[in-house]
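Listed below, chain by chain, are the residues.
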Amino acid sequence: MIGSSPRTKMPEQPPEIRARNFKEVPFGLSEELALSEASRCLNCKNPLCVQGCPVGVKIPEFIKLIKEEQFAAAARKIKETNALPAVCGRVCPQEVQCEAKCILGIKHEPVAIGYLERFCADYEREMELTEIPEPAPPTGKRVAVIGSGPSGLTVAGDLVKLGHEVVIFEALHKPGGVLTYGIPEFRLPKKIVQAEVDNLIKQGADLQVDSVMGKMRSVDELMNEDGFDAVYIGVGAGLPRFMNIPGENLNNIYSANEYLTRVNLMKAYLFPIYATPVEKGKKVAVIGGGNVAMDSVRTALRLGAEKAMIVYRRAKEQLPGRKEEVHHAEQEGVEFHLLHNPIRYIGDENGCVKAMECIKMELGEPDSSGRRRPIPIEGSEFMLECDMVIVSIGTGANPVIFSTLPDVNRNKWGYIEVNEETMETSKPFVYAGGDIVTGSATVIQAMGAGRIAANAIHKKLSEQPKKKKDK
Amino acid sequence: MVREYRIIEKSEIVPNVHKFVIRDHSIARKAQAGQFVLVMANEKGERIPLTLSDWDLKEGTITLYVLELGVSTMELIDLCEGDSLFSLAGPLGHEAEVKKFGRVLLGGGCFGVGGIYPIAKAMKEEGNHVTAIIEARSNYLIYNQEEIGSVVDELYITTSDGSMGLKGHVQDQLAELIKNGKRYDRAYFMGCTFMLMKCSEATRPQKIPTGVALNAIMLDGTGMCGCCRVSVGGETKFACVDGPELDGHAVDWDELFIRKHIYREEEAVSYQSHACRSMTGYERDRKTPEGGGA
């Protein structure tokens, strides 16, 4: 029977090898494996998988094209609703989205939709079959996109296709946002991000790096002086949280943002060829259990850690990280110290961390997030030796852009309030989406917000009379 | 508009103090006293913070002073007039607190001799009586004194060897002025961390509100990483977005010194291995495992 054949396993580097290099872990599917996996799809009349996708990728349709060996056409089918399939195929949490809804998952295992998405996107790129869509005739409207992460790239891609002039402003010296500074090379090769950005530029988008908006230019200046008709804010949630416990400013205690930025954006793993250094801990403790924590702990392994530990205050079932990342980390030898929480750090004579005091936790009643609340067990304190700590407990709203943006309403956490149907903020013609609206979320959710905003911006600008060219 | 970050003028104005004038209209038109920029000399370089020491709206240029301290500053200094920086972002950080205080005392050492000039100018424009003290090891290392002298009411120079002005440091001159009955309503210091600490100690007995321009290690310079965190009055602040001006009487200096030295060993490795970078491009490329194994 169709579908009862086992789900295809993605070939990957063996754990003991890959834990010491920065090359991508899974190799991707061969054509043969992709065909065999695609043949498992039942091509449901009422495809639930599509409902599970935040951007509604036409999953059965693209899989049908794979079955017909039209791989590049399959990639284009995905791109009708998802601008970055090579990225999403690698970093989406499919097991809680499309694949969770797959009918096959009830009796058997769901179709490996993510693997197939990655396969056709890679095929299209590697065979150089990427088509640059012909943009619509110029509308004469200009849109500024602040931030070149997943949501900004989506907005820019959609609007440029519709004939708007788009300028993307990126604060760092390289585009991609979290795809570049955050997600490591072994999970998302940077050449893929670069290829996506290159395509966007070929379509006519203008990319300005080194542009810290709120500092170099304010949103008001963009609109009143630089002639932009609308602005999209997709700056992410780039303010690392710390626990504010004693000793947290000791040396070799990093935020995950700093650690990953040093390694990924600045390529500290190639130090001293690249000039930015990073400490190489031997006993590394990563606080937190999300994808960023998994990325950090696996990076520490690759930089030579003998002991790489996750310290997480809840139990394994509550680990918020993508299943595959947790699984990969376990395979590579990461130790999981679950139901543990640090309460203070102890330094050596040079001011470097040498241990942390932890307390054991137990799970109580579910909290507002629906997860069972961790409660410290009194008297269970103990010492855990470590020479490096990476704090990966989430991020908050970065304040930089808001210093010159007083008239955009924000919620109690500092995130921007938007009309969820349009992503428009309280300031007309200013839109926002991604982590700066939702707080830390996933790449695909940020892209979903970008898509909504792009449609709304297009609609609103199309209703506006054409302005006189005075520039 | 393409920003090129071209070096318009570069000169070693005194031994190991290099003045850079760089064209960038975007930053020049927004620069405020006390802010900084992040600079990368080349694609493989570090992102290093440098104080905006002057700017020219009409020409669209900014002025930076660079002292060679390690590989990254060395690579910057290797660039010539007409070259472009790889990356230049700013203006970053809050502007210095500038308002009518009354009698203002400014102190500058190292790069801060250049960096206090815009603050002196802004303080003067607000109608303050401005006294500036600048320091160097010896008379031949003093720079920028005419520029600063032209905007302040009083200028004092100190040298470690006594070859010019008072023998000693900014804080020694400050102590002397206070001894002679001078009173100040506000102090602001810019220079190396040791100097900032010493000067803050010197203003503490008189309870002169003291701002220091902290030069912590930075990475993105926009509050994204927390690398530059520093304890001020028991609270963690980010020097890049909460500063760079912070309360000199509340800074945990011991912690700051330790944090500044985290990469001391790596700095040595970087310096030692730097000779390989002057190899031919071919050799260099062969040794660069781009995106490859560690």
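Analysis parameters
- Residues numbered from 1 in each chain as written.
- Chains lettered and ligands numbered in written order.
- Predicted model: local features only at pLDDT ≥ 70, side-chain atom pairs only at ≥ 80, totals over all residues.
- Heavy atoms only, no water.
- Helix = DSSP H or I, 4+ residues; strand = E, 2+ residues; numbered from the N terminus.
- Rg over C-alpha atoms; globule rule 2.2 N^0.38 Å.
- Buried < 20%, exposed > 50% of the residue type's maximum accessible area, 1.4 Å probe, protein only.
- Contact = heavy atoms within 4.5 Å.
- Areas by Shrake-Rupley, 256 points an atom, 1.4 Å probe, with all protein chains shown as cover.
- Lys, Arg positive; Asp, Glu negative; His and termini not counted.
- Charge placed at Lys NZ, Arg CZ, Asp CG, Glu CD.
- Phe/Tyr/Trp six-rings, centres within 6.5 Å; stacked < 30°, edge-to-face > 60°.
- Domains from an automatic or database assignment.
- Buried area = accessible area lost by both parts, 1.4 Å probe.
- Pairing = 2+ DSSP bridges.
- Axes fitted to C-alpha atoms, helices over the stretch in contact; angles between N-to-C directions.
- Core = buried A, V, L, I, M, F, W, Y, C linked by side-chain atoms within 4.5 Å.
- pLDDT = per-residue confidence, 0-100.
- Salt bridge = Lys/Arg side-chain N within 4 Å of Asp/Glu carboxyl O.
- Polar contact = N/O pair within 3.5 Å; in protein donor to acceptor, adjacent residues only side chain to side chain.
- Nonpolar A, V, L, I, M, F, W, Y, C, P; charged D, E, K, R; others polar.
- Left-handed = near helix turned anticlockwise from the far one by under 90°.
- Parallel < 35°, antiparallel > 145°, perpendicular 65-115°, else oblique.

### Notes on the overall build of chain B
Thought 1: Across its full length, chain B holds 10 helices and 16 strands.
Thought 2: A globule of 294 residues ought to have a C-alpha radius of gyration of about 19 Å, and chain B, at 19 Å, matches this closely.
Thought 3: Each principal axis of the C-alpha atoms in chain B carries an extent, and together these give about 65 × 40 × 40 Å.
Thought 4: Counting over 294 residues, chain B shows a buried share of 55%.
Thought 5: Sequence separation of at least 24 residues holds for 64% of the intrachain contacts in chain B that already meet a minimum separation of 6.
Thought 6: Carbon together with sulfur atoms contributes 49% to the accessible area of chain B, which is approximately 12300 Å² in total.
Thought 7: Computing the positive centroid from 33 side-chain charges and the negative centroid from 42, chain B places the two 2 Å apart.

### A look at the packing of aromatic side chains
Residues and elements named next belong to chain A.
Thought 1: Within the structure shown, the criterion is met by 9 aromatic pairs over all chains.
Thought 2: When the centroid spacing of 4.9 Å and the interplanar angle of 85° are considered together, the rings of Phe71 and Phe119 count as edge-to-face. Here Phe71, found in helix 5 (residues 71–79), pairs with Phe119, found in helix 9 (residues 113–126); they are 48 residues apart in sequence, far enough to count as distant. The two residues Phe71 and Phe119 agree in class, both being buried.
Thought 3: Plain terms: the ring middles of Phe71 and Tyr123 are 5.0 Å apart, the flat faces sit at 70° to each other, and that makes the pair edge-to-face. Here the residue Phe71 occupies a position in helix 5, and Tyr123 occupies one in helix 9, the gap between them amounting to 52 residues.

### Overview of the domain arrangement of chain A
Residue and element names in this part refer to chain A.
Thought 1: One can read the domain layout of chain A as domain 1 (15–126), domain 2 (142–238 + 396–463) and domain 3 (242–393).
Thought 2: Here the C-alpha centroids of domain 1 and domain 3 sit 31 Å apart.
Thought 3: Taken together, the 16 residues of domain 1 in the interface contact 15 residues of domain 3.
Thought 4: Buried area between domain 1 and domain 3, summed over both chains or domains, comes out near 1200 Å², and the portion from carbon and sulfur atoms is 51%.

### Things to note about the sheet that holds strand 1 (residues 6–14) of chain B
Residue and element names in this part refer to chain B.
Thought 1: One open sheet accounts for 4 strands, arranged 1-2-6-5; its pairing is antiparallel. Strands at the two margins of the open sheet, each flanked by one partner only, are strand 1 and strand 5 (54–56). Here the strands of the sheet are splayed against their neighbours by 20° on average, with no regard to which way each runs.
Thought 2: When strand 5 meets strand 6 (residues 61–66), the two strands line up antiparallel, connected through 3 bridges. Bridge pairing links Asp54 to Thr63 in strand 6.

### A closer look at the nonpolar core
Thought 1: Counting 91 residues, the largest nonpolar core has Phe62, Leu116, Leu179, Val231, Ile233, Ile416 and Ile457 of chain A as the members making the most contacts within it.
Thought 2: Here the element with the most residues in this core is helix 18 (residues 443–463) of chain A; it accounts for 9 residues.
Thought 3: Mapping this core onto the domain boundaries places at least three of its residues in each of domain 1 (15–126) and domain 2 (142–238 + 396–463) of chain A.
Thought 4: Among all residues touching Phe62 of chain A, those that are not within four sequence positions of it are Val57, Ala74, Lys77, Ile78, Ile113, Leu116, Glu117 and Cys120 of chain A.
Thought 5: Ranked by size, the runner-up nonpolar core spans 51 residues in total, among them Val389 of chain A together with Ala187, Cys199 and Val212 of chain B.

### A short note on the side chain of Asn398 of chain A
Thought 1: Mapped onto the fold, Asn398 of chain A is located in the loop between strand 15 (395–396) and strand 16 (430–432).
Thought 2: Beyond its immediate sequence surroundings of up to four residues, Asn398 of chain A is in contact with Gly238 and Leu239 of chain A together with Thr222, Gly223 and Met224 of chain B.

### Quick look at the confidence of the model for chain B
Thought 1: Looking at chain B, the pLDDT average stands at 91 and 93% of residues meet or exceed 70.
Thought 2: Every residue in residues 279–294 of chain B scores below 50 in pLDDT, and together they form 22 contacts with partners more than four places removed in sequence or on other chains.

### Brief notes about the sheet that holds strand 3 (residues 206–208) of chain A
Hydrogen bonds between backbone groups are what pair the strands of a sheet, and the pairing can be parallel or antiparallel.
All names here are of chain A.
Thought 1: If you walk across this open sheet you meet the 5 strands as 3-2-1-4-16, and the pairing is parallel. One side of each edge strand has no neighbouring strand; the edge strands of this open sheet are strand 3 and strand 16. Put simply, the sheet's adjacent strands are angled 20° from each other on average, direction ignored.
Thought 2: Direction of pairing for strand 2 (residues 165–169) relative to strand 3: parallel, over a ladder of 3 bridges. Residue pairing for strand 3: Ile168 is matched across the bridge by Leu207.
Thought 3: Set on the sheet, helix 18 makes contact with strand 1 (142–146), strand 4 (230–233) and strand 16; between it and strand 4 the angle comes to about 170°.

### Describing the domain arrangement of chain B
Residues and elements named next belong to chain B.
Thought 1: Domains assigned within chain B are domain 1 (6–92) and domain 2 (103–213).
Thought 2: Computed from C-alpha coordinates alone, the two centres of domain 1 and domain 2 are separated by 23 Å.
Thought 3: Taken together, the contact between domain 1 and domain 2 spans 13 residues of the former and 16 residues of the latter.
Thought 4: Across the domain 1 to domain 2 interface the summed buried area is about 1000 Å²; carbon plus sulfur atoms make up 72%.
Thought 5: Contact with domain 2 buries surface across domain 1, with Val14, Thr51 and Tyr65 losing the most and accounting together for 36% of the total.
Thought 6: Linking domain 1 with domain 2 are 0 salt bridges, by the criterion used here.
Thought 7: There are 1 residue pair in polar contact (both at pLDDT 80 or more) connecting domain 1 and domain 2.
Thought 8: Residue assignment for the side of domain 1 that touches domain 2 shows that the elements contributing at least two residues are strand 1 and strand 5.
Thought 9: For the side of domain 1 that touches domain 2, a count of residues per class yields 9 nonpolar, 3 polar and 1 charged.

### Notes on the packing of helix 10 (residues 150–161) of chain A against helix 18 of chain A
Relative orientation and spacing of two packed helices are given, respectively, by the angle between their axes and the distance between those axes.
Residue and element names in this part refer to chain A.
Thought 1: The interhelical angle for the contact between helix 10 and helix 18, taken along N-to-C directions, is 35°, at an axis separation of 7 Å. When the axes of helix 10 and helix 18 are compared, the crossing they make is right-handed. Here Pro150, Ser151, Thr154, Val155, Asp158 and Leu159 of helix 10 come into contact with helix 18, specifically with Val443, Ala446, Met447, Gly450, Arg451, Ala453, Ala454, Ile457 and His458.

### Examining the pairing of strand 6 of chain B
It is a general feature of regular strands that their side chains alternate between the two faces of the sheet.
All names here are of chain B.
Thought 1: For strand 6, the buried fraction is high: 6 of the 6 residues fall into the buried class.
Thought 2: By the alternation rule, side chains of strand 6 split into Thr61, Thr63 and Tyr65 and Ile62, Leu64 and Val66, which are all buried.
Thought 3: Where strand 2 (residues 17–23) and strand 6 come together, 6 bridges link them in antiparallel fashion. What sits directly across from Val21, in strand 6, is Thr63.

### Some details on the packing of helix 14 (residues 256–265) of chain A against helix 15 (residues 291–302) of chain A
Residue and element names in this part refer to chain A.
Thought 1: Running from N to C, helix 14 and helix 15 point in directions that differ by 50°, and their axes come no closer than 10 Å. As far as their axial angle goes, helix 15 and helix 14 are oblique. Both helix 14 and helix 15 take part in a crossing whose hand is left-handed. On helix 15, the residues that touch Ala256, Tyr259, Leu260 and Val263 of helix 14 are Val292, Asp295, Ser296, Thr299 and Ala300.
Thought 2: Looking at the contact of helix 14 with helix 15 residue by residue, the classes come out as 6 nonpolar, 2 polar and 1 charged.

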